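Letter by letter, the chains look like this.
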Amino acid sequence: MREIVIGAAQMGPIQRYDSREVVVARMIVLLEEAIAAGCMLVIFPELCLTTFFPRWYMEDEREVATWFEAKMPNAATQPLFDRARTAGVAISFGYAEQTPEGQAFNTQLLTDPDLNIIGKYRKVHLPGHAEFDPDRAFQHLEKRYFQPGDLGFPVFRNMNAWMGMLICNDRRWPEAYRELGLQGAELIMLGYNTPTTNSQNSGETPETRVFHSDLCCQAGAYQNSAWVVAVAKAGDEDGHALFAGSIIVAPDGTIVEKATTDGDELLVHSCDMDETKFGKKTIFDFKRHRQIKHYSRITSQTGVIYPDGTKG
Ligand code: CDT
């Protein structure tokens, strides 16, 4: 048995005027709860230090820069690192990363229990658009503010397990999970900020949107026989609703924990990494069953090309 007690630290809304210090204080409250519950690893959401700023159209680069972190840890997040280090609890959280070279990424970091940052993932599948879109009910400007991640889908050895990260929209892409699965990932952590309504289809219900989220996380877990921990930032942010529904999914695809509020809420589950072995050795034993000679389109083609040559 390789047990990791995991805390999924769902966060309620963060308003545009909330300081990093106020947010980090909330994260430490969740961390304290996790420490008391015996958690060994605590996972926080995507872009969890600020409001989901890509909903706002900004032209002034100095204003955009205020949403990014040039250093990690920094003065605002140091107290979180310090408290987690004292307790020997590893953490993972999402933030907007500004590199020394001036690149901008939507990033999730992972530490070991000594709070060394042992890995980073930079979001590959950026949803939304780059210019103001008057036809949408609200904006989703990730393609404006971030570059697609340049690290691929790395997997890290941590706490006697293989761990990888995805960020929000990545969970809708089976290729992303499979990249991790092919490196033996046993735990996949992902944070999300997902609007409760579809800005381009007001008829899509919130229930359907949560269903899509669960569906993708459960399929990703089952098809790669890995634990998936999906952690929301939720509630009414700047007058815009984000859905909650954080979940912990077992390697057989079943949901074992689910959030019941749309505020700060901790889910705790003891995840045995050895539970991933059965699926990896049987129906999803990739070495025995994958047929890569038939998969070439997946890495050679992005859009649809019909058999008659016309493009979709
Ligand atoms: N943050 C994030 O990736 N959200 C997206 C919303 C896409 S709507 C343009 C998601 O896939 O949940």
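Keep in mind it's a predicted model, so treat the numbers as computed, not measured.

Draft legend 1. Layout of the environment of D114. Within the secondary structure, D114 sits in the loop between β4 (104–111) and β5 (117–122). Given the relative accessible area of 52%, D114 is considered exposed. With 78 residues separating them in the primary sequence, D114 and Y192 have C-alpha atoms 26 Å apart.

Draft legend 2. Highlighting the site of the ligand. Taken together, E46, F52, K123, P127, H140, E142, C168, N169, R171, R172, N193 and T194 make up the full set of residues adjacent to the ligand. Between E142 and the ligand, the recorded distance is 3.2 Å, taken from a side-chain N or O atom to a nitrogen atom. Within the backbone of N193, a nitrogen or oxygen atom sits 3.1 Å from a nitrogen atom of the ligand. Among the residues making up the shell around the ligand, the classes are represented as 3 nonpolar, 4 polar and 5 charged.

Draft legend 3. Just the pairing of strand β7 (residues 161–167), in detail. Counting buried positions along β7 yields 6 of 7 residues, so the element is predominantly enclosed. Between strand β6 (residues 155–158) and β7, which pair antiparallel and follow one another directly, the connecting turn spans 2 residues, one of which, M159, has a positive phi of 55°. Where β7 lies against strand β8 (residues 187–192), 5 bridges are found, and the strand directions are parallel. Residue pairing across strands places I167 opposite G191, the latter belonging to β8. For the crossover that starts at β7, traverses helix α5 (residues 174–181) and ends in the parallel β8, the hand is right-handed.

Draft legend 4. Quick look at the sheet that holds strand β2 (residues 41–43). Spatial ordering of the open sheet is given by β5-β4-β3-β2-β1-β14, a layout of 6 strands whose pairing is mixed. Since the sheet does not close on itself, it has two edges, and those belong to β5 and β14 (265–272), each with one partner. Averaged over all pairs of adjacent strands, the angle between strand axes in this sheet comes to 25°, irrespective of strand direction. Here strand β3 (residues 90–98) runs beside β4; their pairing, made up of 7 bridges, is antiparallel. Pairing of Y95 across the sheet is with T107, part of β4. Sheet strands touched by helix α1 (residues 20–36): β1 (3–10), β2, β3 and β14. Its angle to β14, the strand with the most contacts, is close to 40°. Relative to β3, helix α3 (residues 78–87) is tilted by about 160°, and along the sheet it contacts β3, β4 and β5.

Draft legend 5. Main features of the sheet that holds strand β12 (residues 247–249). The mixed open sheet is built from 6 strands, whose spatial order is β6-β7-β8-β9-β12-β13. Strands at the two margins of the open sheet, each flanked by one partner only, are β6 and β13 (255–258). When strand polarity is set aside, the average angle formed by the axes of neighbouring strands in this sheet is 20°. Relative to the sheet, α5 contacts β6, β7, β8 and β9 (227–232), its axis offset from that of β7 by approximately 160°. Contacting β8, β9, β12 and β13, helix α6 (residues 206–224) runs over the sheet at an angle of about 30° to β12.

Draft legend 6. Summary view of the nonpolar core. With 47 residues, the main nonpolar core has I6, L41 and L187 as its most contacted residues. The dominant element in this core, judged by the number of residues it contributes, is β9, at 6 residues. The contacts of L41, once residues within four sequence positions are left out, are I4, V5, I6, G7, V89, A90, I91, L110, M159, M163, L187 and M189. Of all hydrophobic cores here, the second largest spans 27 residues; its members include A9, V24, A84 and L266.

Draft legend 7. Main features of the packing of α1 against α3. It is the contact of α1 with α3, at a shortest axis distance of 9 Å, that shows an interaxial angle of 10°. Relative to α3, α1 is oriented roughly parallel. Of the residues in α3, those in contact with V24, M27, I28, L31, E32 and I35 of α1 are P79, L80, R83, A84 and A87. Per-class residue counts for the contact of α1 with α3 are 9 nonpolar, no polar and 2 charged.

What counts, and at which threshold
- Residues numbered from 1 in each chain as written.
- Predicted model: local features only at pLDDT ≥ 70, side-chain atom pairs only at ≥ 80, totals over all residues.
- Heavy atoms only, no water.
- Helix = DSSP H or I, 4+ residues; strand = E, 2+ residues; numbered from the N terminus.
- Buried < 20%, exposed > 50% of the residue type's maximum accessible area, 1.4 Å probe, protein only.
- Near = heavy atom within 4 Å.
- Polar contact = N/O pair within 3.5 Å; in protein donor to acceptor, adjacent residues only side chain to side chain.
- Nonpolar A, V, L, I, M, F, W, Y, C, P; charged D, E, K, R; others polar.
- Pairing = 2+ DSSP bridges.
- Right-handed = clockwise from strand over helix to strand, strands pointing away.
- Axes fitted to C-alpha atoms, helices over the stretch in contact; angles between N-to-C directions.
- Contact = heavy atoms within 4.5 Å.
- Core = buried A, V, L, I, M, F, W, Y, C linked by side-chain atoms within 4.5 Å.
- Parallel < 35°, antiparallel > 145°, perpendicular 65-115°, else oblique.

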